Amino acid sequence: MSAVPLLKVRDVSKFYGSRIGCRNVSFELYPGEVLAVVGESGSGKTTLLSCLSTRLMPSSGMIEYHMRDGQYRDLAHMGEAARRFLMRTDWGFVHQNPADGLRMTVSAGANVGERLMAVGDRHYGNIRASASDWLRRVEIGEDRIDDQPRAFSGGMRQRLQIARNLVTSPRLVFMDEPTGGLDVSVQARLLDLVRGLVHDLGLAAIIVTHDLAVARLLSHRMMVMKDGAVIEQGLTDRVLDDPREPYTQLLVSSILQV
Amino acid sequence: MNDLATYNFAYLDEQTKRMIRRAILKAIAIPGYQVPFASREMPMPYGWGTGGVQVTASILGPDDVLKVIDQGADDTTNAVSIRAFFQKVANVAVTTKTVEATIIQTRHRIPEEPLKEGQTLVYQVPIPEPLRFLEPRETETRKMHALEEYGLMHVKLYEDISRNGHIATTYAYPVKVEGRYVMDPSPTPKFDNPKMHMSEALQLFGAGREKRIYAVPPFTEVVSLDFEDHPFEIQTFEKPCALCGAENVYLDEVVLDDRGGRMFVCSDTDHCEDRRAHGHAGSMLASTQHQRKEPAE
Amino acid sequence: MATPLVVSEVAKSFTMHLRDGVRLPVVANVSFSVKAGECVVLGGPSGVGKSSILKMLYGNYGVDEGQILMEHDGRLVNLAAAEPRTVLEVRRTTLGYVSQFLRVVPRVSALDIVAEPLQARGVVAEEARERAAALLAKLNLPKELWALPPATFSGGEQQRVNIARGFITDHKILLLDEPTASLDAKNRTVVVEMIAGKKAQGTALVGIFHDAEVRDAVADRIIDVSEFSPRKHAA
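What you see is a predicted model, and the numbers here were worked out from it, not measured in a lab.

Caption draft 1: Seen up close, the overall build of chain C. When helices and strands are tallied, chain C shows eight helices and nine strands. For chain C, whose C-alpha radius of gyration is 18 Å, the value lies close to the compact-globule estimate of 18 Å for 235 residues. With respect to the three principal axes, the spread of C-alpha positions in chain C is 55 × 40 × 35 Å. Relative to its 235 residues, chain C shows a buried fraction of 52%.

Caption draft 2: Spotlight on the domain arrangement of chain C. Residues and elements named next belong to chain C. The assigned domain composition of chain C is domain 1 (1-13 + 25-94 + 174-235) and domain 2 (107-170). Averaged C-alpha coordinates put domain 1 and domain 2 at centres separated by 23 Å. Listed by partner, the interface residues are 16 residues for domain 1 and 15 residues for domain 2. Taking both sides of the interface into account, the surface hidden between domain 1 and domain 2 amounts to around 1,300 Å²; carbon and sulfur atoms contribute 63%. In this structure, the connection of domain 1 to domain 2 is made through seven residue pairs in polar contact (both at pLDDT 80 or more). Mapped by element, the contributors of at least two residues to the side of domain 1 that touches domain 2 are helix 2 (84-93), strand 7 (173-177) and helix 6 (185-201).

Caption draft 3: Broad picture of the domain arrangement of chain A. Residues and elements named next belong to chain A. Domain annotation for chain A reports domain 1 (1-90 + 171-258) and domain 2 (96-169). Of note, the centres of domain 1 and domain 2, computed from C-alpha atoms alone, are 24 Å apart. Counting residues at the interface gives 21 residues for domain 1 and 16 residues for domain 2. Between domain 1 and domain 2, the buried area comes to about 1,600 Å², and carbon and sulfur atoms account for 62% of it.

Caption draft 4: Local environment of the pairing of strand 5 (residues 120-124) of chain B. Residues and elements named next belong to chain B. Most of strand 5 sits out of view: five of its five residues are buried. The two faces of strand 5 match: Thr120, Val122 and Gln124 on one face and Leu121 and Tyr123 on the other face are all buried. Sheet topology places strand 4 (residues 103-107) next to strand 5; four bridges connect them, and they run parallel. Residue pairing across strands places Ile104 opposite Leu121, the latter belonging to strand 5. The sheet contact formed by strand 5 and strand 8 (residues 202-207) spans five bridges and is parallel. Paired with Gln124 across the bridge in strand 8 is Gly206.

About the cut-offs
Residues numbered from 1 in each chain as written. Chains lettered and ligands numbered in written order. Predicted model: local features only at pLDDT ≥ 70, side-chain atom pairs only at ≥ 80, totals over all residues. Heavy atoms only, no water. Helix = DSSP H or I, 4+ residues; strand = E, 2+ residues; numbered from the N terminus. Rg over C-alpha atoms; globule rule 2.2 N^0.38 Å. Buried < 20%, exposed > 50% of the residue type's maximum accessible area, 1.4 Å probe, protein only. Domains from an automatic or database assignment. Contact = heavy atoms within 4.5 Å. Buried area = accessible area lost by both parts, 1.4 Å probe. Polar contact = N/O pair within 3.5 Å; in protein donor to acceptor, adjacent residues only side chain to side chain. Pairing = 2+ DSSP bridges.

What follows is the structure, given as structure tokens:
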């Protein structure tokens with residue numbers, strides 16, 4: 001593992017008027033590390049994810065990212081152009097609803113190729129070959145390359161969204177409930193796929209989920225949030241097998257056993 | 001004309017003209033950038049060239065010579081009406097000859113005769129935003145222009161190739177101006193795109209309904225977007241013009257009868273007439289003319 | 001180093017917040033060390049905290065007090081207070097664990113489950129699979145099962161996949177939580193041989209074995225965990 005954190009988060013808070021979105025969240029994320037953020041709806045996990053991914057400006061605190069040039073940049077003080085460039089090259093964002101992360105009216109191939117074109121790739125054949133390769137990696141038939149995601153099932157759309165994000169070899173991927181709204185069998189396949197890709201590509205990921213089984217399967221570390229604050233964090237199997245906080249114990253004891 | 005006194009010169013009031021000229025100057029200063037302007041109601045419906053007419057009205061002087069074309073022709077309804085309009089409200093000289101005109105207002109064509117320094121070409125633009133069909137939000141497209149995020153433009157071309165095997169966009173083909181802004185050249189055929197590049201003339205674009213003006217100053221780089229392995233190409237025609245025998249010009253199809261008879265003739269009527277006046281003749285005129293041009297192989 | 005694992009005055013209790021915060025002390029003052037090539041067996045009646053100690057050694061359970069010192073990558077790491085990242089790194093290269101039950105990952109084949117720890121240490125996939133296959137063969141797992149995900153395997157078959165996964169690497173410390181519980185006599189013998197092999201390589205082993213025969217065959221030393229009972233300690 002690399003000795004330098006990819007992301008440094010210090011005392012990040014977000015207030016909506018007098019209401020708390022999240023408060024005083026601090027952590028560091030290293031390359032190749034998968035962090036799960038769990039908690040029930042309203043616990044602040046999505047607010048935190050929005051702050052980290054620059055979709056929301058935190059009320060206070062600092063988020064620094066280790067750029068490819070080796071420098072740390074404070075995300076709040078980055079220009080919008082640089083931030084958007086980061087988001088479509090070095091970062092990925094997988095939305096819970098694939099329609100939010102895909103262009104539903106352009107083909108699967110163009111959905112995957114868009115990021116390549118956005119960074120200046122101008123060779124149709126190469127773009128198509130990359131798109132085709134990524135569709136294969138996310139287990140979408142290459143014969144579907146010219147179909148629009150409108151014609152895809154929920155699970156396929158989600159896999160397409162993942163391919164679209166990973167094509168530029170990002171180092172950090174944010175995922176917001178990536179398996180929400182999918183059938184259990186489809187979930188299992190997606191989880192396995194994400195697990196394999198994260199492992200093979202050495203991706204760092206921050207996954208927001210309320211599903212502890214997803215956290216167990218995908219993450220190395222987890223943070224449990226309640227009322228906007230992180231109440232417990234640590235190694236994923238430690239938090240799940242030996243929960244300390246009352247709320248974490250409640251969460252863990254609420255898992256349905258099959 | 002008796003009723004000239006009831007109009008200000010060139011119809012628009014002077015305040016409005018100044019406002020539009022400011023927009024034009026800004027557009028010239030930032031080639032390819034869409035400058036918002038307070039588009040006025042004109043005595044014609046949207047879609048008939050209200051943008052172009054306002055631009056022309058704002059730059060027109062008493063000494064100008066105006067030419068108006070619609071799809072290359074001087075004699076179609078839109079061209080005739082706009083020409084008559086300016087004759088009435090500005091009493092300017094009008095012409096159908098490209099070389100004589102100082103201002104040419106056009107709908108969807110660039111004349112075949114290369115334009116010269118001092119001439120101004122005014123385009124009528126229906127939808128100025130090249131990104132519009134891919135990104136419906138104006139807030140987002142403005143941001144994309146500001147940040148030079150043009151990947152989406154190539155997504156459109158990619159889709160074209162994946163569906164048709166080649167870039168099938170034949171008109172309103174997107175261009176990059178002076179290495180910066182991506183611009184919609186209005187629905188001119190892509191055949192005309194190379195004429196915009198390093199043109200000696202000033203090119204102004206007016207979109208009345210969308211309230212935007214943009215410009216390509218003389219001697220500006222205009223590059224059509226493409227892929228390395230699918231380079232930009234213009235349309236080619238198998239036969240020369242049936243009337244004047246011209247090659248390497250843009251041709252319109254004319255249906256002759258209801259048995260499938262048709263011919264292809266110059267879309268630029270002035271160019272065609274000029275060639276015929278100089279003795280060129282195409283296959284359809286061969287029987288009545290003494291000179292005949294060799295048909296292309 | 002002669003002593004790869006030192007456990008010093010470790011204490012552990014559970015606070016059950018869902019049951020009015022009742023505090024359940026598990027163990028206290030746990031102190032022992034394991035030498036290279038030594039197999040230490042945790043003994044004592046069930047419920048005395050053997051598994052809890054093993055889980056603390058693996059970083060799976062939190063530690064209330066004390067230190068768990070391991071020689072890792074040329075330095076000394078206190079696993080009881082280490083960052084999650086460090087724990088993961090120690091697990092990857094120094095500390096192995098064979099649990100009682102296999103945690104099944106959907107869709108991953110038995111062979112790949114066994115090969116994974118090697119791949120995580122940088123061994124190329126092909127070689128890792130070859131070595132995984134050799135181990136599964138040694139443990140008499142029918143070859144037709146290798147390509148299948150173990151979710152549908154019997155208890156004994158899953159256990160053998162688990163053992164192979166734990167034994168495939170050359171971790172310096174190996175924790176064994178009843179690895180032979182659901183095995184037949186023939187495969188128990190294989191496991192005993194494999195443990196002997198690890199000892200010969202200088203691995204420090206800590207295990208729980210209920211089967212007296214196996215225990216006697218592998219143990220260099222038996223630690224009676226009831227010695228670490230918090231009640232006894234308090235008294």
